[in-house]
Every structure is written in structure tokens, then in C-alpha cells.
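Here is what each chain is made of, one letter per residue.
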There are 2 protein chains.
Amino acid sequence: MSATSVVELQDVLLVTIQGELTDEDAMALQEELTTNVARSSARGVLIDVSGLDLVDSFLARTLHDIAGASALLAAETVVVGMRPEVAITLVELGLTLPGLGTALTVADGLDRLNGSARRR
Amino acid sequence: MSATSVVELQDVLLVTIQGELTDEDAMALQEELTTNVARSSARGVLIDVSGLDLVDSFLARTLHDIAGASALLAAETVVVGMRPEVAITLVELGLTLPGLGTALTVADGLDRLNGSARRR
């Protein structure tokens, strides 16, 4: 889990992915995050992928599963900071991350999550 | 039906599932609940699954059907108290409970249902 960090910012869990994740890292992250969402009553999960040069299909699936599990625990998931070349590769692989919110920057992502929380 | 209890809290039916349900229990619960929603003019159904260590595909489908039937009777359904490991298992099975609202606690769920009622 050295390549990721999880910080609580009020109602939001901010997850920073600093380098490429192995499949095991990705699964451990999913479990850690889901447990954390329940424990901290987080309203949102913000995943910063700006440190990634590559998102493979396993990580894309894990991001999708994190969003699904978080939704079951009443938290919204937003992915931020994706590089354009990563976005192009994902689309070419047919991985358009349905069910995942996106924002360009961490600040935009926080605005989005706080906006949803206020609307509830 | 020994493993479930249904309590009326003003406009909301609070359903507590205290232990694992057989498929017959799940179907009986669906029928009882749907009849109850119509009889009591409930605006919302709050299903507390914190007593469950496991949600199988039949129960997930029943929850989905309860939400569908309640929606046809103008009541919103919210599932609360799901354990993180249950959420992960559901997502791995591809059961993301579309159409069902979620909240972490009974209090959050009531807030959500009361908020929706006010907006109408």
C-alpha cells in the first residue's frame, strides 16, 4: 500500500495514488477504502490519479468496484486529475468508467462532492 | 418472519432484518411490506441490514423488487447499515442495487426520506 495515501478531509476521503499499483495493491486499496467509508461516515471519495501514467483494465475495474461499494455505503466517488493520454487509452480499451464521477482537479472534485452533499 | 420486524415511524416503515433470511422469508417480507406501504400511506421504506453478514443474490433481488413495488406506491426505499464486507461482496457479484437509495445509519436514512418528502 506504499503507493497510495488516504486522508480524511471533513466528509471526504481523499485518496492519492502516487505510482503504478499492482493488482494486489488495487484490491487492498478497495478493501481499505470501503472499510474507511463505513467507519468515517464519509459522504464522498475523491481519488486523485494524477500520479498515474497508465490505468490498466484491472485498475479501471477496481475503481468501478470502489464506486459501487461506496454507493452502497451512501458515498459518491469522483476521480480527479486523469491525464489526457490515460483518458484516451481508457476509451480505446472501452473502459469509460460508468458510475464514476469525474472532475479535473481536486478542488473541482471537492466542490462537486460538497454540492451533492448539500443537495441531500 | 421471525427474523424481521416492521415498525411504523410517522410516514416511514422501518424494517429491521435481524438475521439471515431464507428465500421464503424474503418473499414474505416483500409481500408484507408492499401491503403495508399501501395500507399505511407510507412515504418511505427504511430497511436496516446491519444485522446481516451476507446478502445473497436472491435477497439483493428482493430488495430491488421491494424498492420497485414501493416506488409504484409512491414510497422511496433506502437501505441502511450495510457492512463494508457485504458491500464489497455485492459489487463483486455485480449486484449494485440500482434504484435503491442508501444511507449509513437509520438517522441518516430518515433524514434522507424526510428531505425527499419535503421537496415533493
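Residues numbered from 1 in each chain as written. Chains lettered and ligands numbered in written order. Predicted model: local features only at pLDDT ≥ 70, side-chain atom pairs only at ≥ 80, totals over all residues. Heavy atoms only, no water.

A. Summary view of the relation of the copies chain B and chain A. Rotating chain B by 78° about the axis while translating it 2.5 Å along that axis superimposes it on chain A, leaving an RMSD of 0.1 Å. Take the interface residues of chain B: only 7% of them recur as interface residues in chain A, which is what a contact between different surfaces looks like. (Least-squares fit on C-alpha atoms with pLDDT ≥ 70 in both. Contact = heavy atoms within 4.5 Å.)

B. Looking closely at the packing of helix α1 (residues 23-40) of chain A against helix α3 (residues 84-92) of chain B. Running from N to C, α1(A) and α3(B) cross one another at 130°; their axes reach a closest spacing of 9 Å. Accordingly, the angle class assigned to the pair α1(A) and α3(B) is oblique. When the axes of α1(A) and α3(B) are compared, the crossing they make is right-handed. Contacts between α1(A) and α3(B) pair A:Q30, A:E31, A:T34, A:T35 and A:A38 from the former with B:P84, B:A87 and B:I88 from the latter. The residue makeup of the contact of α1(A) with α3(B), split by class, is 4 nonpolar, 3 polar and 1 charged. (Axes fitted to C-alpha atoms, helices over the stretch in contact; angles between N-to-C directions. Helix = DSSP H or I, 4+ residues; strand = E, 2+ residues; numbered from the N terminus. Parallel < 35°, antiparallel > 145°, perpendicular 65-115°, else oblique. Left-handed = near helix turned anticlockwise from the far one by under 90°. Nonpolar A, V, L, I, M, F, W, Y, C, P; charged D, E, K, R; others polar.)

C. Main features of the packing of α1(A) against helix α2 (residues 57-72) of chain A. Residue and element names in this part refer to chain A. At their nearest, the axes of α1 and α2 sit 10 Å apart, and the two run at 10° to each other. Between α1 and α2, the interaxial angle falls into the category roughly parallel. Residues D23, A26, M27, L29, Q30, L33, T34 and V37 of α1 pack against F58, L59, T62, D65, I66, A69 and S70 of α2. Of the residues that constitute the contact of α1 with α2, the class distribution is 9 nonpolar, 4 polar and 2 charged.

D. Up close: the nonpolar core. Counting residues in hydrophobic clusters, the biggest one holds 59 residues, and the most contacted among them are A:I47, B:I47, B:M82 and B:L90. Leaving out residues up to four positions away in the same chain, A:I47 has contacts with A:V15, A:I17, A:L63, A:I66, A:T77, A:V78, A:V79 and A:V80. (Core = buried A, V, L, I, M, F, W, Y, C linked by side-chain atoms within 4.5 Å. Buried < 20%, exposed > 50% of the residue type's maximum accessible area, 1.4 Å probe, protein only.)

E. Region of interest: the sheet that holds strand β5 (residues 101-103) of chain B. All names here are of chain B. Read across the sheet, 5 strands follow the order β1-β2-β3-β4-β5 without closing on themselves; strand pairing throughout is mixed. Two strands bound the open sheet, and with one partner strand each, they are β1 (4-9) and β5. With strand direction ignored, the average angle separating the axes of adjacent strands in the sheet is 25°. Of the strand pairs in this sheet, strand β4 (residues 76-80) and β5 are connected by 3 bridges, and their pairing is parallel. Paired with V80 across the bridge in β5 is A103. Lying over the sheet, helix α1 (residues 23-40) contacts β1, β2 (12-17) and β3 (44-48), oriented at roughly 165° with respect to β2. (Pairing = 2+ DSSP bridges.)

F. A look at the sheet that holds strand β5 (residues 101-103) of chain A. All names here are of chain A. Spatial strand order, β1-β2-β3-β4-β5: 5 strands in an open sheet with mixed pairing. Of all strands in the sheet, those with a lone pairing partner are β1 (4-9) and β5, marking the two edges. The sheet shows a mean angle of 25° between the axes of neighbouring strands, direction not considered. In this sheet, strand β2 (residues 12-17) lies alongside β1 in antiparallel orientation, the contact comprising 6 bridges. Considered in β2, the bridge of S5 is made with T16. The strands touched by α1 are β1, β2 and β3 (44-48); relative to β2, the strand with the most contacts, the crossing angle is about 160°.

G. Representation of the interface of chain B and chain A in the model. With 15 residues of chain B at the interface, the matching set in chain A holds 17 residues. Run the count over chain B and chain A and you get 0 salt bridges. Listing elements by their share of the side of chain B that touches chain A, those giving two or more residues are α3, β5 and α4 (106-119) of chain B. When residues of the side of chain B that touches chain A are assigned to their parent elements, the largest contribution, 5 residues, is made by α3(B). When grouped by side-chain class, the residues that make up the side of chain B that touches chain A number 10 nonpolar, 2 polar and 3 charged. (Salt bridge = Lys/Arg side-chain N within 4 Å of Asp/Glu carboxyl O.)

H. Summary view of the environment of A:G44. Residue and element names in this part refer to chain A. With respect to the helices and strands, the residue G44 is situated in strand β3. Spatially, the C-alpha atoms of G44 and A74 are 8.2 Å apart, while their sequence positions differ by 30 residues. The contacts of G44, once residues within four sequence positions are left out, are D11, V12, L13, A75, E76 and L113.

As far as function goes, none of this settles anything; it's purely spatial.
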